[in-house]
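# Descriptive structure summary
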Amino acid sequence: MITKELIKKVTVNILRRAETTLPSDVKEALVRAYECEENEIAKVQLEAMLENVKLGETMQRPLCQDTGIPLFYVTLGSGNGNVNLNDIESGIREGVKEATEIIPLRPNVVDAITREREGGEANVGDRMPYIDYKIETGIDGLEITAFPKGGGSENVSAFAMLAPKLGAEAEKEIKKFVLEAVLNAAGKPCPPTIIGVGIGGSADMAMRLAKAALLRPVCVRNKNARIARIEEELLEAVNNTGIGPMGLGGKTTALDLHIETAATHITSLPVAINFQCWAARKAAAKIYSSGSVEYL
Ligand code: SF4
């Protein structure tokens, strides 16, 4: 049985893991970057990040003082009648409040205009936590991913409706836009970053694709061969900018670059870019309809 209390408990657990333990794909990518860097300052920065990761894990303390805003992805099994949507919403909200108090997390959530904490210091507010829902067939119960997102990397997001072009010309325009965004962002998103690029759909879809692209594990390419090639070419170009770890120079500006695409309007070419900092936090769990939980 999936209850609100169970969802709350799982939310606290995955938030704790996301905040204190870097996923192994990101950690391994940081180690590889450290081993490959020749720039001494870049090596020092990467070493500090790896030390920080070790301390976060052993002391069960957040990896960064900016513990992010509470974003969640929920995948629901289709035809799953025994999950109450109100329980999901309130279970996650209550879980965020408890996690903020006991981990503890910085109270980052404020009203967009007044900058006041309408929800107190509990990291909740109007439409926050934000939950992105997806329905999939063949899933028993639901899957929740906690994706606390830092402000530094979010603040350099970029979006444009480019003029639609064909094939190689479209690729050229997209690459130019991505590289300009990376150069503008420079050290602000706390590189080495993971860069999510959303291409196609509508304006809002493109940004959702860009953000969802950040959840794909490092070194996993898009299944479409053409898109996979563009990912590799762009990643190489990003790392040739010399921005480096924390913007202090070096050859590791991004650990990876992921592109997600959708079909779009014949007159449109929306492109969105969302950055993830080196503290690429995410953690997920499956809650089966029986009530058993598997941490992923
Ligand atoms: S962008 Fe990431 S690493 Fe930088 S301050 Fe924010 S959460 Fe921390």
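Cut-offs and rules
- Residues numbered from 1 in each chain as written.
- Predicted model: local features only at pLDDT ≥ 70, side-chain atom pairs only at ≥ 80, totals over all residues.
- Heavy atoms only, no water.
- Domains from an automatic or database assignment.
- Contact = heavy atoms within 4.5 Å.
- Buried area = accessible area lost by both parts, 1.4 Å probe.
- Salt bridge = Lys/Arg side-chain N within 4 Å of Asp/Glu carboxyl O.
- Pairing = 2+ DSSP bridges.
- Helix = DSSP H or I, 4+ residues; strand = E, 2+ residues; numbered from the N terminus.
- Axes fitted to C-alpha atoms, helices over the stretch in contact; angles between N-to-C directions.
- Buried < 20%, exposed > 50% of the residue type's maximum accessible area, 1.4 Å probe, protein only.

Split by domain assignment, the protein chain resolves into domain 1 (4-17 + 64-150 + 281-295) and domain 2 (152-276). Using only C-alpha atoms to locate each centre, domain 1 and domain 2 end up separated by 26 Å. Domain 1 puts 12 residues into the contact, and the matching count from domain 2 is 13 residues. Buried surface at the junction of domain 1 and domain 2, summed over both partners, amounts to about 880 Å²; 50% is from carbon and sulfur atoms. In terms of surface lost to domain 2, no three residues of domain 1 exceed Y73, F147 and K149, which account for 50% of the buried area on that side. In this structure, the connection of domain 1 to domain 2 is made through 2 salt bridges.

Here the focus is the sheet that holds strand β6 (residues 254-264). The 4 strands lie next to each other as β4-β7-β5-β6, forming an open sheet whose pairing is mixed. Strand pairing shows two members of the sheet lacking a second neighbour, β4 (158-162) and β6, which therefore form its edges. Neighbour to neighbour, the strand axes of the sheet diverge by 15° on average, direction disregarded. One ladder, built from 9 bridges, connects strand β5 (residues 193-201) with β6; its direction is parallel.

The next thing to look at is the pairing of β4. On β4, burial follows the alternation: A158, A160 and L162 on one face are buried, whereas F159 and M161 on the facing-out side are not. Taken together, the 5 bridges between β4 and strand β7 (residues 269-276) define a ladder with antiparallel strand orientation. The residue bridging A160 from the neighbouring strand is V271, located in β7.

Let us now look at the sheet that holds strand β1 (residues 71-77). Read across the open sheet, the 5 strands follow the order β2-β1-β3-β8-β9; overall the sheet is mixed. Looking at strand neighbours, the two that pair on one side only are β2 (130-136) and β9 (293-295), the edges of this open sheet. The average angle at which neighbouring strand axes cross in this sheet is 20°, direction not considered. In terms of strand pairing, β1 meets β2 through 7 bridges, oriented parallel. When the bridges of β2 are listed, Y73 appears paired with D132. Strands β1, β3 (142-146), β8 (283-287) and β9 of the sheet are contacted by helix α1 (residues 4-20), whose axis makes an angle of about 155° with β8.

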